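Okay, here's what each chain looks like letter by letter:
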Amino acid sequence: SANIPESLWFVFRAKKRAEVAPGVGRETDLVMIGTGLGQFTIIDDKVIEVLNVMNKKHADKEQGIQTDALISVEEYLDKLAKDNQQDDQSSDTVETDG
């Protein structure tokens, strides 16, 4: 089925992300449950190894994207602070007619 690769990937990623929680081990066993009674397929360790490599690459890219986003937010907040500081300075100078 076309949904098997997607399901396998999302289940694997969810498990890897859950490993930060206490009680979730680093070892991974995957089993696909079939539609019939007692129908199941154990996912081979070689497949899990490949998923681990793919997960590492994905996590590295994700970390890079997150770092870029944090830098952008920091730059934006710095700009807002400078703009607010300039607005405060210009409102402190009051002109009087006279």
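Predicted, not measured: the structure shown is a model, and the values here were computed from it.

K.L.:
Could you give an account of the overall build of the protein chain, with specific residues and numbers?
P.N.:
Within the protein chain one finds 2 helices and 2 strands. Reading the protein chain from its N terminus to its C terminus gives the helix and strand order α-β-β-α. Whereas a compact globule of 98 residues would reach a radius of gyration of roughly 13 Å, the protein chain reaches 26 Å, over 25% beyond that. Each of the three principal axes of the protein chain carries a C-alpha extent, and together these read 95 × 25 × 25 Å. Going through the 98 residues of the protein chain one by one, you find that 13% of them count as buried. By sequence separation, contacts in the protein chain at least 24 residues apart represent 37% of the contacts at least 6 residues apart. Accessible surface for the protein chain amounts to roughly 8500 Å². Of this, 57% is attributable to carbon and sulfur atoms.

K.L.:
Talk me through the nonpolar core; I want residue IDs and the actual numbers.
P.N.:
Grouped together as the largest cluster of nonpolar side chains are 7 residues: Leu-8, Trp-9, Phe-12, Leu-30, Ile-43, Ile-48 and Leu-51. The set of elements that each furnish at least two residues to this core consists of α1 (3-18) and α2 (45-92). Examining the composition of this core, we find that 3 residues originate from one element, α1, more than from any other. Ignoring any residue separated from it by four or fewer positions in sequence, one finds Leu-8 in contact with Leu-30, Ile-43, Val-47 and Leu-51.

K.L.:
Describe the side chain of Glu-19, naming the residues involved and giving the relevant values.
P.N.:
Position of Glu-19 among the secondary structure elements: in the loop between α1 and β1 (31-33). A polar side-chain atom of Glu-19 sits 3.0 Å from a polar atom in the side chain of Lys-16. In contact with Glu-19, other than residues within four places in its own chain, are Val-24, Gly-25, Arg-26 and Thr-28.

K.L.:
An account of the pattern of salt bridges is requested, with residue identities and associated values reported.
P.N.:
In the structure shown here, the tally under the stated rule is 7 salt bridges. One salt bridge in this structure joins Lys-15 and Glu-19, with 2.7 Å as the shortest N-O distance. A salt bridge links Glu-19 to Arg-26; the nearest nitrogen and oxygen atoms lie 3.6 Å apart. On the basis of relative accessibility, which here comes to 15%, the residue Glu-19 falls in the buried class. Judged by relative accessible area, which is 67%, Arg-26 ranks as exposed. Salt bridges here are not isolated pairs; linked through shared partners, they connect Lys-15, Lys-16, Glu-19 and Arg-26.

Criteria and thresholds
- Along each chain, the written sequence defines residue order, and numbers are assigned to residues from 1.
- Side-chain atom pairs in this predicted model are given and counted only at pLDDT of 80 or more, local residue features only at pLDDT of at least 70, and totals for whole chains, interfaces and linings cover all residues.
- Side-chain calculation: all heavy atoms of the structure are included, whereas hydrogens and water are not.
- A run of DSSP states H or I qualifies as a helix once it reaches four residues; a run of E qualifies as a strand once it reaches two. Both are numbered from the N-terminal end.
- As a reference, a globule follows 2.2 Å times the number of residues to the power 0.38, and the radius of gyration itself is taken over C-alpha atoms.
- Partly exposed residues are those whose accessible area sits between 20% and 50% of the maximum for their type, while under 20% is buried and over 50% is exposed, using a 1.4 Å probe and protein chains only.
- Should any heavy atoms of two residues lie within 4.5 Å, those residues are considered in contact.
- Method for areas: the Shrake-Rupley scheme with a 1.4 Å probe, in which residue coverage is limited to the protein chains shown.
- As used in this record, nonpolar core signifies buried Ala, Val, Leu, Ile, Met, Phe, Trp, Tyr and Cys residues forming a set joined through side-chain atoms within 4.5 Å.
- Side-chain atoms alone can form a polar contact between residues adjacent in sequence; in general such a contact is a pair of N or O atoms within 3.5 Å, and within protein one must be able to donate a hydrogen while the other accepts it.
- Salt bridge, as used here, is a side-chain nitrogen of Lys or Arg placed within 4 Å of a carboxyl oxygen of Asp or Glu.

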